[in-house]
Amino acid sequence: MSPPVAPPGWSRWLVPPAALSVHLSIGQAYAWSVFKPPLESALGLSGTQSALPFQLGIVMLGLSAAFGGTLVERKGPRWAMTVALVCFSSGFLLSALGASLEQYWLIVFGYGFVGGIGLGIGYISPVSTLIKWFPDRPGMATGIAIMGFGGGALIASPWSAQMLESFGGDSSGIALAFLVHGLSYAVFMLLGVLLVRVPPRERSVQGGPSVLAGPRVSADRAIRTPQFWCLWIVLCMNVTAGIGILEKAAPMITDFFADTSTPVSVTAAAGFVALLSAANMAGRIGWSSTSDLIGRKNIYRVYLGLGALMYALIALFGDSSKPLFVLCALVILSFYGGGFATVPAYLKDLFGTYQVGAIHGRLLTAWSTAGVLGPLIVNWIADRQEEAGRHGASLYGLSFVIMIGLLVVGFVANELVRPVDPRHHVPAPKEAAHVERQQPESA
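To start, this report covers the structure provided alongside it.

1. Section: the packing of helix α1 (residues 15-26) against helix α9 (residues 171-195)
For the pair α1 and α9, interaxial distance at closest approach is 7 Å and the crossing angle is 155°. Considering their axes alone, α1 and α9 lie roughly antiparallel with respect to each other. Relative to α9, the crossing made by α1 is left-handed. In this structure, α1 uses Pro17, Ala18, Ser21, Val22, Leu24, Ser25 and Ile26 to contact α9, whose residues at the interface are Tyr185, Phe188, Met189, Leu191, Gly192 and Leu195. Taken together, the residues of the contact of α1 with α9 sort by class into ten nonpolar, three polar and no charged.

2. Re the packing of helix α13 (residues 266-294) against helix α14 (residues 296-317)
Packing of α13 against α14 brings their axes to within 7 Å, and their N-to-C directions diverge by 130°. By the angle class used here, α13 and α14 are oblique. Contacts from Trp287, Ser288, Thr290, Ser291, Asp292 and Ile294 in α13 reach Arg296, Asn298, Ile299 and Tyr303 in α14. A per-class count over the contact of α13 with α14 returns four nonpolar, four polar and two charged.

3. Remarks on unusual backbone geometry
The backbone phi angle of Glu102 is positive, close to 55°, even though this residue is not glycine. Its place among the elements puts Glu102 in the loop between α5 (77-101) and α6 (104-124). Taking the relative accessible area as the measure of exposure, Glu102 reaches 49% and is therefore partly exposed.

4. Observations regarding the layout of surface pockets
Counted as a void, the largest pocket has a volume near 1,200 Å³. Lining of the largest pocket is provided by 40 residues; of these, Ser33, Lys36, Leu246, Glu247 and Lys248 occupy positions nearest its centre. Looking at the lining of the largest pocket, the elements with two or more residues in it are α2 (36-43), α3 (47-50), α4 (52-75), α8 (138-167), α11 (226-246), α12 (249-256), α13 and α17 (365-387). Across the lining of the largest pocket, the residue classes tally to 25 nonpolar, ten polar and five charged.

5. Section: the side chain of Asn280
Tracing the sequence through the fold places Asn280 in helix α13. The exposure class of Asn280 is buried, given its relative accessible area of 2%. Within the structure, Asn280 has its side chain in polar contact with the side chain of Arg284 (distance 2.8 Å). The contacts of Asn280, once residues within four sequence positions are left out, are Tyr30, Gly150, Leu333, Tyr336 and Gly337.

Conventions and cut-offs
- Residue numbers restart at each chain and count upward from 1, following the sequence in its written direction.
- Confidence filtering applies because this is a predicted model: local features only for residues at pLDDT of at least 70, side-chain atom pairs given and counted only at 80 or more, and all residues used for totals across whole chains, interfaces and linings.
- Hydrogens and water molecules were not included; the side-chain quantities draw on all heavy atoms of the structure.
- Simply put, an axis is a line fit to the C-alpha atoms, just over the touching stretch for a helix, and the angle between two N-to-C directions goes from 0 to 180 degrees.
- The numbering of helices and of strands both runs from the N terminus, where a helix is a DSSP run of H or I of at least 4 residues and a strand a run of E of at least 2.
- By definition in this entry, angles of less than 35 degrees are roughly parallel, angles greater than 145 are roughly antiparallel, angles of 65 to 115 are roughly perpendicular, and the rest are oblique.
- Handedness of each helix crossing follows the sense of rotation of the near helix against the far helix: counterclockwise by less than a right angle gives left-handed, clockwise gives right-handed.
- Only heavy atoms matter for contacts: two residues are in contact if any of them lie within 4.5 Å across the pair.
- Classes in brief: Ala, Val, Leu, Ile, Met, Phe, Trp, Tyr, Cys and Pro nonpolar; Asp, Glu, Lys and Arg charged; the others, Gly included, polar.
- Partly exposed residues are those whose accessible area sits between 20% and 50% of the maximum for their type, while under 20% is buried and over 50% is exposed, using a 1.4 Å probe and protein chains only.
- Method remark: on a 1 Å grid restricted to protein atoms, a set of points is classed as a cavity if a 1.4 Å probe fits but cannot get out and as a pocket if it is open with protein on both sides within 12 Å along at least five of seven lines; lining residues have an atom within 4 Å of a point.
- Grid points are joined across faces, edges and corners, and a volume is the space filled by probe spheres set on the points.
- Counted as a polar contact is a pair of N or O atoms within 3.5 Å, where, for protein atoms, one must be capable of donating a hydrogen and the other of accepting one, and residues adjacent in sequence contribute only when both atoms are in side chains.

Take a look at the structure:
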C-alpha cells in the first residue's frame, strides 16, 4: 500500500479529521476502568488482575510504536491506520470471545496484546503527516490529533456504561459490549483510512516553511544523540507524574476528604474523573498550540516546573481545600496531555521531519515505562501506608514527594537539550535541494 499523495487543491484541513477518527477511537483505552468492576464481579478477579489488559495495552503501545515507527514512515499513514484498525478492532473481538467463554487470559491477550499493537501504530500513524502538512504550526496540528486520544474516554466512558447497563454486567453482557465496540470502532477508523493524504514532496504548504527545511536526522542516528535521551527522560517524568493521579483519581479524592466533614460521594468522584479527562484533552490542544508561540523548551519548563509546584500544593494543603485539590489536579492533567501533544513538535524542531514519526515511536517507550512506574509508585506506597495503619491524605504524601522529585529530574533534562550536532544530519538529496531552490515564494 503506497502512501496516497494529495491531488492539487487538496485542503490540508481534511487531514486532522482523518487523524481524529483514529485517535478518538483508540482513546477508548482511558475508559478501561468502566469494565473493571463488572469483570471483577463476573470473573472473580482482583483489582490488580482487572487492570492487566490496560497495563499490557500501554506497554504494547510503546513497544509497537518503537518497533513499527520506521515502517510507518516507509509505508505511510494509510497503511498504519489500516494496521491500527485491524489490530484494535480484533482486540475487542477477541475480548468478546474471551468474555463469552469466561477465559480472562483471552481478554488480556486480545485487548492488551493485539489491541495494544493497534494503540501504538494508530497513535503514531498521523504524526509525521500532520507535521509535514503544518510545518508552520506543528504544535497545533499534532495537538488536534492527540487531543482525540485524550478525549476518547469522554465518549467511550458513558457509551460503555450505557451498554453494560443495557446488556447486563455478566459475562455475556460484557462480551456483547466488547463486540459492539470492535465493530463500531472499525467503521469509524475506516473514515480516517479513506480520508488521509500525504503532501506532495516537492512543495511547501500554503506559504508555510518548506517541509524540506531544517535538520534531517534519521531514527537510527537520533537515538544515539543526548537530545533524544534527554527528551525520553522529560516525557517519562511528565507522564509518570500525570498518570499517577489519573490511574487512581476516584479513590484518591475520596481518601483525601474521607476524614473531613464533607466527604466525597461516589458520584462526585466520578465527576472528578470526567473533569480530569476534559483537562487532559484541553491541555493537548491548548498547551501544544501555545508551544508554537513560546517554544518547546519554554512550554516544558511550565509543564515540569509548575507541575512540581502543583504537587507540592496538594501535598501541603490539598486535604484542607477541595477547590485547591481539584484545581491543582486539573492543571497537572492538562500538563500531562500537553506533554504528549507537544513532544512530536519538539522532535521536529530537533531532528526535522525526515523520520520524525519513527523517532516519535521510539520515544514512546518512555510512555510504556511511565505507564508502569506511575501507578506502581502511587498504589504500592498507598498499600504500604494503609498496612501501617495510616489513612486519608497520608496514604499519598510520600508518593507526591517522589513525583515532585521526578518532575525536577525532568526539568533538569529539559534544560540540557541543545540543537543536534550537524554530524548527525543526513544530507538532503540533490534533487530535493534543487526543487527547494526553484520553489516560487507563493507555493
